[in-house]
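Descriptive analysis of the structure
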Amino acid sequence: MQRTRMTAAVAALALTASLAGVVAGTASAASPQPQPAPPERGRSLALAAADTAAANGLDALRHGADEKLVRTSVTPWANGLFYTAYQRTYRGLPVHGGGDAVVLADSAGKVRDITAAPAPALGLSTRNRVSAAAAEATARGQLASVEGATKPELTVLVKDGRPVLAWHTLVTGRTAKNAPAGLDTYVDANTGKVVQANDKVRHAEGRGYHNGNVTIDTAASSMTDPNRSGFRCGGQNGSTYTGSSPWGNGGANDLVTACVDIMYGAQRESDMLNQWFGYNGINGQGGMVPARAGLGEVNAYYDGTKTTFGRNQNGTNQLTGIDVVAHEYGHEIFDKTPGSAGNSNENGGMNESTGDIFGALTEHFANNPNDTPDYTVGEKLNFLGDNKPIRYMYNPSLANNDPNCYNQLTSGTEVHAAAGPQNHWFYLLAEGSNPGGGKPASPICSGGPSSVTGIGVQKAGKIFMGALLAKTSGWNHPAARKATLASAKNTYGSAECQAVKAAWDAIRVPAQSGETDCGGTNTPDFSLALDPASGSVQPGGSVTAKVNTSTTGGGAQTVRLTASGAPAGVTVSFSPSSVTSGQSATMTVAASASAADGTYPITVTGTGSATHSVTYNLAVGTTTPPTGCDNSEYTYRGTLASGQAQVQPDGSYYHSATSGAHTGCLRGPAGTDFDLYLQKWNGSGWVDVAVSGDAGADEDISYNGTAGYYRYLVHAYSGSGAYTLGLSAP
């Protein structure tokens, strides 16, 4: 198992507890004092809301009993908003190609939007017949020469709506035709055949040459960026250029000069993301992949591990203008935001368009007089020897009759041509159809509005960046329409949302079911959550959970509660059966004596101005708490369904007045994977001080700690049943 990944259920419990200060304790438990308000309270509330939604399977976040949503990233956004991305797992294995999701929540703890890639119900064996080494050899065999390959990871790939157990690896090198390649490869873990191989290579076909004398960030004696992790520039062998400032001689084909242009463009792009959008650099973590100059081809590309830049058709200069450099690093932005890069031509075209959009944004941010801002690609570089740009964002058809409109795309449209519709949309959003001021007019597709008014390039860029943070593996133009509408409404407001809608209408991307209402902020809506989201019951018994509702838009409204999916012999009732949003109801799940043992997902639905649903995972069956912690001072018992977590002792904490050894002994049911966390109160929240997360039912912790308040968190990583926890403390 992977202890570094925290499931939404555990994260939600930990965050909720830290916000409350402590979990509701027993009468004999002392309360930690003082309890200052946690720092970044808004962030904690947003994450708690997102994790609760994921753990509950709210709406599109629904997942099966053997599946979990694992939080992979959290990105702060404007107006106290946070994008939280999740990867679906199946029996502990990551799922690729579907089921991933992003939750947008605010600092008040309200879920604003959910995006999720569709995925089928998963049911397959996770036992592989093909070894990782054999799979890597197969993946390497796709290329004539291999530069490197990542360690294969066992995954579940959703391919054409069907789950496949597969080894996943990224292989970089060159094809038999000597073309650069970065093959994101999945090898069937049972047959040994390549199931899918998506090429990550995206081509763009001191004293800089293109940008003039500029300031760049380098180390004293090498072209290594001291401020942006991983970023450096050198030659085709991967070595970083060394020397000292001033770098380069301004020559058209001097490769150190080419690196000056590369570093200038990439660093301005990183600064633009930070200053205009509040986003932490190219990869979201303050860094970016390294760059190589001097490729002897008419090409520039990103392969998932680096960017590489060549020359133009006539060999008169290097392809290192601002827009081309920012385009290639735009591919890294697309790759490193949620959902990564897909394998369809439409997704590839949107990836190419993303590079073009970030090229235009970086030109506008840099505002360099040697390369004035525009919406064409490569206009300064004479790519093909005809002194023309290779793409026109305001009218894509000017280059090779590329499509302007979404309805002109087909499954066979080449990826660079497929960039046209989204490029066209971005220009219309930023500048409008008739911007004036010397900027070119932009045609509107047949059936669109009569005109579109732009909102400015910076606003348009921030809306687009916000949408990328909601991207999933099912990314396409309709999904982008929904995500940009939500981004505009939540980042700015109704007027910008309407402008986004008009721009999509103008390129013929139709309205989508469930898309954001661009009206005022009072659109009625509510949210739904269960506490807890799972439980266990013996035949003839019952278990309860609280159904919490909240008002997320407009005024409070009546929400009617119903349940479906209960197995034979199990009934579900609500008291009351309808609540006013903001209030709670008690759900009682009763199992008759004849109810069959097993684990069952029950869908709880709330119906008001909209309909929302969450999932309650019910375990029915007789379990006996295991033994094996007889030497502990105190013993506690509980029952957990898969994915559920509980705090001990008895939902509370204990106090140690002196330093000494804390020992925890967990014994879980056979065939399960339970984990044990020892947490300490740090004055603002509970933090892990010791973790035992081996693959198995039994865990032991021994920790020497100072005086303070402590508690244990028991988590059913996979499997359900009763457990015993023994603990001793100073």
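Residues numbered from 1 in each chain as written. Predicted model: local features only at pLDDT ≥ 70, side-chain atom pairs only at ≥ 80, totals over all residues. Heavy atoms only, no water.

What about the side chain of asparagine 490?
Along the polypeptide, asparagine 490 turns up in helix H9 (residues 477-491). For asparagine 490, a relative accessible area of 13% corresponds to the buried category. A polar side-chain atom of asparagine 490 sits 2.8 Å from the main-chain carbonyl oxygen of alanine 486. (Helix = DSSP H or I, 4+ residues; strand = E, 2+ residues; numbered from the N terminus. Buried < 20%, exposed > 50% of the residue type's maximum accessible area, 1.4 Å probe, protein only. Polar contact = N/O pair within 3.5 Å; in protein donor to acceptor, adjacent residues only side chain to side chain.)

With respect to helix H5 (residues 322-336)
With 15 residues, H5 extends 21 Å between its outermost C-alpha atoms, agreeing within 8% with the 21 Å of an ideal straight helix rising 1.5 Å per residue. Of all the 15 residues making up H5, 14 are buried; the element is thus mostly covered by neighbouring parts of the structure. (Expected span 1.5 Å × (residues − 1).)

Comments concerning the environment of glutamine 267
Structurally, glutamine 267 can be placed in helix H4 (residues 255-277). Remark: the alpha-carbon pair of glutamine 267 and aspartate 225, spanning 42 residues in sequence, is separated by 9.0 Å. Once residues lying within four places of it in the same chain are set aside, the contact partners of glutamine 267 are Ile216, Asp217, Asp225, Arg228 and Phe231. (Contact = heavy atoms within 4.5 Å.)

Section: the sheet that holds strand S27 (residues 634-640)
Strands belonging to one sheet form pairs held by backbone hydrogen bonds; the direction of such a pair is parallel or antiparallel. One open sheet holds the 4 strands; their spatial order is S27-S35-S30-S33, and the pairing between them is antiparallel. Across the chains shown, the open sheet's two edge strands, defined by having one partner strand only, are S27 and strand S33 (698-705). On average, each strand axis in the sheet is tilted by 15° relative to the strand beside it, whichever way the strands run. Two elements, strand S30 (residues 660-667) and strand S35 (residues 721-728), share 5 bridges in a ladder whose sense is antiparallel. The residue of S35 that forms the bridge with arginine 667 is threonine 724. (Pairing = 2+ DSSP bridges. Axes fitted to C-alpha atoms, helices over the stretch in contact; angles between N-to-C directions.)

Topic: the state of the cysteines
Structurally, a disulfide amounts to a covalent bond that connects the sulfur atoms of two cysteines. A complete count under the given rule lists 4 disulfides for this structure. Covalently, cysteine 405 is tied to cysteine 445 through a disulfide, its sulfur atoms 1.9 Å apart. In this structure the cystine formed by cysteine 405 and cysteine 445 twists about its S-S bond by roughly -100°; its chirality is therefore left-handed. Of this pair, cysteine 405 sits in the loop between strand S17 (391-392) and helix H7 (420-431) while cysteine 445 is found in the loop between H7 and helix H8 (457-468), placing the two residues 40 residues apart along the sequence. Take cysteine 405 and cysteine 445: they sit in the same class, and that class is buried. (Disulfide = S-S within 2.5 Å.)

Focus: the packing of aromatic side chains
Here the structure, examined in full by the defined rule, presents 18 aromatic pairs. Through successive ring pairs, a cluster of aromatic residues spans Phe358, Trp425, Phe426, Phe464 and Trp504. Over the face of the ring belonging to tyrosine 717 we find lysine 68, whose NZ or CZ atom lies 5.4 Å from the ring centre. Above the face of the tyrosine 492 ring, lysine 459 is positioned so that its terminal group lies 5.2 Å from the ring centre. (Phe/Tyr/Trp six-rings, centres within 6.5 Å; stacked < 30°, edge-to-face > 60°. Lys NZ or Arg CZ within 6 Å of the ring centre and 35° of its normal.)

A few points about the pairing of strand S34 (residues 708-718)
Summarising burial for S34: 10 of the 11 residues are buried, a large majority. With 4 bridges joining them, strand S28 (residues 645-648) and S34 adopt antiparallel strand pairing. The residue of S34 that forms the bridge with glutamine 646 is valine 714. Relative to S34, strand S29 (residues 654-656) is paired through 3 bridges, and the arrangement is antiparallel. When the sheet's bridge partners are listed, serine 656 is paired in S34 with glycine 708. Bridging between strand S31 (residues 673-681) and S34 involves 8 bridges; their strand directions are antiparallel. Bridge pairing in S34 links lysine 680 to tyrosine 710.

Focus: the nonpolar core
Within the largest apolar cluster, 91 residues are counted, with the highest numbers of intra-cluster contacts made by Phe277, Tyr329, Phe358, Phe426 and Met465. No other element matches H4, which puts 11 residues into this core. (Core = buried A, V, L, I, M, F, W, Y, C linked by side-chain atoms within 4.5 Å.)

Points about the sheet that holds strand S18 (residues 525-531)
The strand order S18-S20-S24-S22 describes an open sheet built from 4 strands, whose pairing is antiparallel. The sheet is open, and its two borders are formed by S18 and strand S22 (570-575), each paired with just one other strand. Ignoring which end each strand starts from, the neighbouring axes of this sheet average 25° apart. The sheet contact formed by strand S20 (residues 542-553) and strand S24 (residues 584-591) spans 7 bridges and is antiparallel. Bridge pairing in S24 places asparagine 548 opposite serine 584.

A closer look at helix H6 (residues 345-366)
Counted at 1.5 Å a residue, the expected span for H6 with its 22 residues is 32 Å, and the 31 Å between its end C-alpha atoms agrees. Of all the 22 residues making up H6, 20 are buried; the element is thus mostly covered by neighbouring parts of the structure.

A word on the pattern of salt bridges
Within this structure, the stated rule accounts for 20 salt bridges. For arginine 228, the salt bridge identified is with aspartate 217, shortest N-O distance 2.9 Å. A residue pair is termed long-range when its members are at least 10 positions apart, and arginine 228 in the loop between strand S11 (202-203) and strand S12 (233-234) and aspartate 217 in the loop between S11 and S12 qualify at 11 residues. Each of Asp217, Asp225, Arg228, Arg268 and Asp271 takes part in salt bridges that share partners, so that together they form one network. (Salt bridge = Lys/Arg side-chain N within 4 Å of Asp/Glu carboxyl O.)

That's the geometry; what it means functionally is another story.
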